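Analysis of the macromolecular model
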Amino acid sequence: MSAFIQEHGILFGTLTVVIQIALFMVVLLIALAFILLLDRKVWAAVMMRKGPNVVGPFGLMQSFADFGKFLLKEIVIPAGANKTVFLLAPILTTTLAFVAWAVVPVAPGWVVADINVGVLYLFAVSSLGVYGIIMGGWASNSKYPFLGSLRSAAQMVSYEVSIGFVIVTVILLVGSMNLTEIVNAQGGGIWTWHAFALDHFPLILVMFPMFVIFFVSALAETNRPPFDLPEAESELVAGYQVEYSSTPYLLFMLGEYLNIVLMCALMTTLFLGGWHGPVPLPELAENMPVLVNNLAALAWFAAKMLFCFFLFAIVKAMVPRYRYDQLMRLGWKIFLPTSLAAVLIVSGYVVYTGVQS
Amino acid sequence: MLDWTAILETVAPETLLVAVGLLGTLVGAFLKERFARVAFKLGALALFAAAALAVYYWEGGEAFGGLVTTNPFVNFAKAVSFGVAGVALWIADGFFDRHGTLRFEYPLLMLFAAFGMGLTLSASDLMTLYMGVETLSLSSYVLASFHRDSPRSAEAGLKYFVLGALASGLLLYGASLVYGFTGSTNFEEIAGSEMGIGLLFGMVLMISGLAFKVSAAPMHVWTPDVYEGAPTPVVAFFSAAPKMAMMVVFANVMFTLFGEAVDDWQLIIAIISGASMVIGSFGALLQNNIKRLMGYSSIANMGYALVPVAAGADIGAPSLLLFMTIYVIASLGMFAGILMMRRTGGMVEDISELGGLIRSRPVVTLALTAILLSIAGIPPLAGFWAKLDVIQAGMAAGLLPLVIMLVIASVVSCYYYLRVIKVMWFDEPMEEFQSADPSVALTVVVCGLLMFPGLMVFIGVLGGWTDAAAMGLAN
Amino acid sequence: MEVIAFWILAVIVGAAAVFVIAARNPVHSVLWLILSFFTSAALLVLIGAEFLAMLLVVVYVGAVAVLFLFVVMMLDVDFVELKQGTLQYWPFAVLIGLAFFAEIVMVRTVGVGTRLEPSPGADSNAEAIGQVMYTDYLLLFQVAGIILLVAMIGAIVLTLRHRPYAKRQNIARQTARRRADATELVDVTPGKGI
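Residues numbered from 1 in each chain as written. Chains lettered and ligands numbered in written order. Predicted model: local features only at pLDDT ≥ 70, side-chain atom pairs only at ≥ 80, totals over all residues. Heavy atoms only, no water.

Now for the interface of chain C and chain B. Bring the parts together and some accessible area is lost; that lost area is often taken as the interface size. Taken together, the contacts link 28 residues of chain C with 35 residues of chain B. Along the contact surface separating chain C from chain B lie three residue pairs in polar contact (both at pLDDT 80 or more). Within the residue set of the side of chain C that touches chain B, elements represented by two or more residues are α5 (90-109) and α7 (138-159) of chain C. For the side of chain C that touches chain B, the class distribution of residues is 21 nonpolar, three polar and four charged. (Contact = heavy atoms within 4.5 Å. Polar contact = N/O pair within 3.5 Å; in protein donor to acceptor, adjacent residues only side chain to side chain. Helix = DSSP H or I, 4+ residues; strand = E, 2+ residues; numbered from the N terminus. Nonpolar A, V, L, I, M, F, W, Y, C, P; charged D, E, K, R; others polar.)

Here you go:
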């Protein structure tokens, strides 16, 4: 990016980058509004309800109505709360959730910052997400939020470990931490996607389980059901969000959903071939203008992401909540050893066959 | 790839220790407590084997691109430390069994501690040195508080940990300054670079860090508390193996890393040495707890051992090895004796509890007497010859004031060693101790025998070895 | 451009570090510490060591500082009370601080200086680190692993307790249980009881 700025002059270069970021954010936010609706619709469908259907055609405008309502409500700050930290927490959550998107490539070349250590960057930023929750829970100066935030922190730290190892297996196969290169390594059709890894044949036995582990860990990492213990309403009212209302609450919600969508994007990028279609069509691609190609790529990316999100939503609707000790057991005693073994196997495979470099 | 011949020649004992340690961790994780008793003996055997390997690869070598280098000087120290560590482990199981804390982690930690000692001894790079020291220290902290339910043991561990972390910080800060001013972490390259004020700073900080690890004077405060609080077998280990290892490491660092700058550090070492003697000798005078007393005694003895270090490589090296070897054997024997102080209610540690031991346990009393007299430096026992060697080294290096202090401190310390002997021989007999484990009793007797004048041959042979080992340093 | 960024970040690191010790609320101290870590990572990015920067964030900010925060939040220690009387030591603190500062200055001026090449002999920072770590410093890397293992064994030795009265879930036993193991069909004759 700094190279880009140097190339185009400070003023123009910076302006372009700012516009890129703004565009990305606006598109993301609007998409998020409908994704939220999708979440509720899926949930409703599983329960044989209709879901939101009043505002706009099929309830399409529901999220916007909610948004307006949240904005117009009064912000209530509890008397005993630590004001600065209380307000900082949701802002931090949302900011970090946005910041992470900077390195996600949605189509060839369509990425704000194409950095060398993209995966690591995503991992680092998502590991920071825990701060918003701890800070919010602590600053509320109330027992339920604090308990919720403690649970959440322990949970996120635990599952980060297995997520990290799963990411390492993918990095080992590709030989790079750059997200664009990881996507390009899966350009040969659906059989080269890392979730299947049929071009490294026996590895499907390792990589597909890794995909599943990543999916489950992502659920835990984003505090989604069945791992939504931090906000388990039957025990903790609403966990760390108990004292939040109005815009701060909105920011928390926004950050949470952005993180979920980010996890979907990460799954798409690491395991489902990113913007590549299931069958490579080089002839067709060559005859099309770049813009059309890129839009098609974006469409594939969005479709895969939506598929992942659909999984998230349907899990929420169908699976009962875990008990906390079961959650910890799953993370430390099952996922951690399994993913560690996978790292060993994959690195052995890479060394033995020399597929990299 | 890795040059396995060089690695074996250089760090064969450490390789063995780590292999056994890791294997033990794995087996222990599955067998749990069933593995405990076997683990104690296996660990001791591994330590003996490591000592043998150190002797087998006597000449040493260089491996890992100069990160580790060994020579007869350090191999001698390795053999002795692994040997005494092995004995300390071999005699420990009875104690832990009676306290209901017979756990397989103990021998594993001991193995890793021994690995740390070996690595530190082999170090020829600041980073290896620090890593080795840290492995040894971390294991030691846990060992010191192994009886986690006893407040004294927990306190000992905590004190040791907090002060040890500070000392490690000093060592690391000193090392980073040395690196900053010389641009290298390799001992040889640092030794070859010019001495400046910055390097001096780094050296002083490193000396303070190392002084903590051998419990020399300004950094000695942890010693009595840890000796008193930690479980006795652990103290038997602390007072012998790491002392030997870290003392030789200290000497090694001074002789090779700062070998060119003798004039700069001689005075510092001499002051540390003198202060240790004074504090050790006078501090012990009023102690009633025998473990505490031995703690002060070890401070004083580290003071004596630092005299040959201050004397420099050419003069001091052989007498340092001789003195330390005899001291650690005596110390091990003494703590084995303390392990026997057991009545129906549990362990006792007061000196008065030894009253009239000669009536019930004549052989053991004789052995303990020999050990104590030897530590005190009464001729013709082994300790006397060792101390004489040290004095000669000090005189040869022109450290007359230090030698005078040594003699005075020795005279003062005679008082409390003789007091223990007096209690054992002439006081009213106390209730008889419970029968000791055979291995413990055997250790006391053997260590006692090693101190006897009839085994002058032992001194002769040992002196030959240490001379040979020190020759290796010179080359 | 980079110089400006450096100064902004450097001032933030310094200020955050000062606030760590100046803050009255311990939780605020830790939050400042986190800011300081995070900005240091940004400084590392600036000199081209992006791999180190990310590791700093993942390890220190993402894991270590979270535990710090945990502990500080749970402890409820009144640090103001604890800090009372520490002010009389400030001359020593200033002395030590000056000494350290002088040493750093000396390392830059008298010493050999530092080489600020982020990835010598390789394309990326990560590659350069990996190449050195797994060849020249393999021994140290392995020993670091052993140190961590010792720490782990130590933590288990000192804290793990098997409480005999605690109820544990044994899933295998739970699922292996059949109706015959738990229930019994009894014919109860009226008026007699079981």
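Glancing now at the nonpolar core. Counting residues in hydrophobic clusters, the biggest one holds 181 residues, and the most contacted among them are Y106(B), M206(B), F237(B), V253(B), M254(B) and M324(B). At 19 residues, helix α11 (residues 232-257) of chain B tops the list of elements feeding residues into this core. Excluding its chain neighbours within four sequence positions, the residues that come into contact with F237(B) are A85(B), A88(B), M110(B), A113(B), M117(B), L143(B) and P242(B). Residues V130(A), F146(A), L258(A) and M305(A) belong to the second largest nonpolar core, which totals 121 residues. (Core = buried A, V, L, I, M, F, W, Y, C linked by side-chain atoms within 4.5 Å. Buried < 20%, exposed > 50% of the residue type's maximum accessible area, 1.4 Å probe, protein only.)

The predicted coordinates should not be examined in detail at positions where pLDDT is low. Residue and element names in this part refer to chain C. Scored by pLDDT, chain C comes out at a mean of 81, with 87% of its residues at no less than 70. At the low end of the mean pLDDT range in chain C sits helix α4 (residues 79-83), at 66; at the high end sits α7, at 91. Here the predicted complex carries an ipTM of 0.89, next to a pTM of 0.85. (pLDDT = per-residue confidence, 0-100.)

Time to look at the packing of aromatic side chains. All names here are of chain A. Applying the stated criterion to the full structure yields 37 aromatic pairs over all chains. An angle of 65° between the planes, with centres 5.9 Å apart, marks the rings of F34 and F64 as edge-to-face. Within this pair, whereas F34 is found in helix α2 (residues 10-46), its partner F64 is found in helix α3 (residues 62-72), the two being separated by 30 residues in sequence. Look at F64 and you get partly exposed, because its relative accessible area is 35%. (Phe/Tyr/Trp six-rings, centres within 6.5 Å; stacked < 30°, edge-to-face > 60°.)

Residue and element names in this part refer to chain B. Within this structure, the stated rule accounts for 19 salt bridges over all chains. Among the ionic pairs, R98 bridges to D437, the shortest N-O distance being 3.4 Å. You can see R98 sitting in helix α4 (residues 93-98) and its partner D437 sitting in the loop between α18 (400-426) and α19 (438-450), a full 339 residues away along the chain. For R98, a relative accessible area of 37% translates into the label partly exposed. On the accessibility criterion, D437 (17% relative accessible area) is buried. Of the charged contacts in the structure, one is a salt bridge between D225 and K159, with a shortest N-O distance of 3.1 Å. In this pair, D225 is assigned in helix α10 (residues 222-229) and K159 in helix α7 (residues 151-182), connecting sequence segments 66 residues apart. The partly exposed category is assigned to D225, whose relative accessible area is 22%. (Salt bridge = Lys/Arg side-chain N within 4 Å of Asp/Glu carboxyl O.)

Taken together, the 27 residues of chain A in the interface contact 25 residues of chain C. Counting each side, the surface lost to burial between chain A and chain C is near 2100 Å², with a carbon and sulfur contribution of 80%. If you sort the residues of chain A by the area they bury against chain C, L120(A), Y131(A) and W138(A) come out on top, with a joint share of 24%. Remark: the boundary between chain A and chain C carries zero salt bridges. Our count for the chain A to chain C interface comes out at three residue pairs in polar contact (both at pLDDT 80 or more). Secondary-structure elements contributing two or more residues to the side of chain A that touches chain C are α5 (118-139), α6 (143-174) and α13 (324-353) of chain A. A per-element tally of the side of chain A that touches chain C places α5(A) first, with 11 residues. Tallied by class, the residues present in the side of chain A that touches chain C amount to 19 nonpolar, four polar and four charged. (Buried area = accessible area lost by both parts, 1.4 Å probe.)

A few words on the arrangement of the chains. The interface with the most contacts, out of two pairs of chains in contact, is the one formed by chains B and C. A minimum C-alpha distance of 14 Å separates chain A and chain B, which share no contact.

Residue and element names in this part refer to chain A. A cluster of nonpolar side chains, namely V26, I30, F34, F58, L60, M61 and F64, defines an oily patch on the protein surface of about 630 Å² accessible area. Residue contributions to the nonpolar patch peak at three residues, all from α2. Mapped onto the secondary structure, M61 falls in the loop between α2 and α3. Residue M61 is classed as partly exposed on the basis of its relative accessible area, which comes to 36%. (Patch = residues over 30% accessible without salt bridge, like charges linked within 9 Å, V, L, I, M, F, W, Y side chains within 5 Å. Areas by Shrake-Rupley, 256 points an atom, 1.4 Å probe, with all protein chains shown as cover.)

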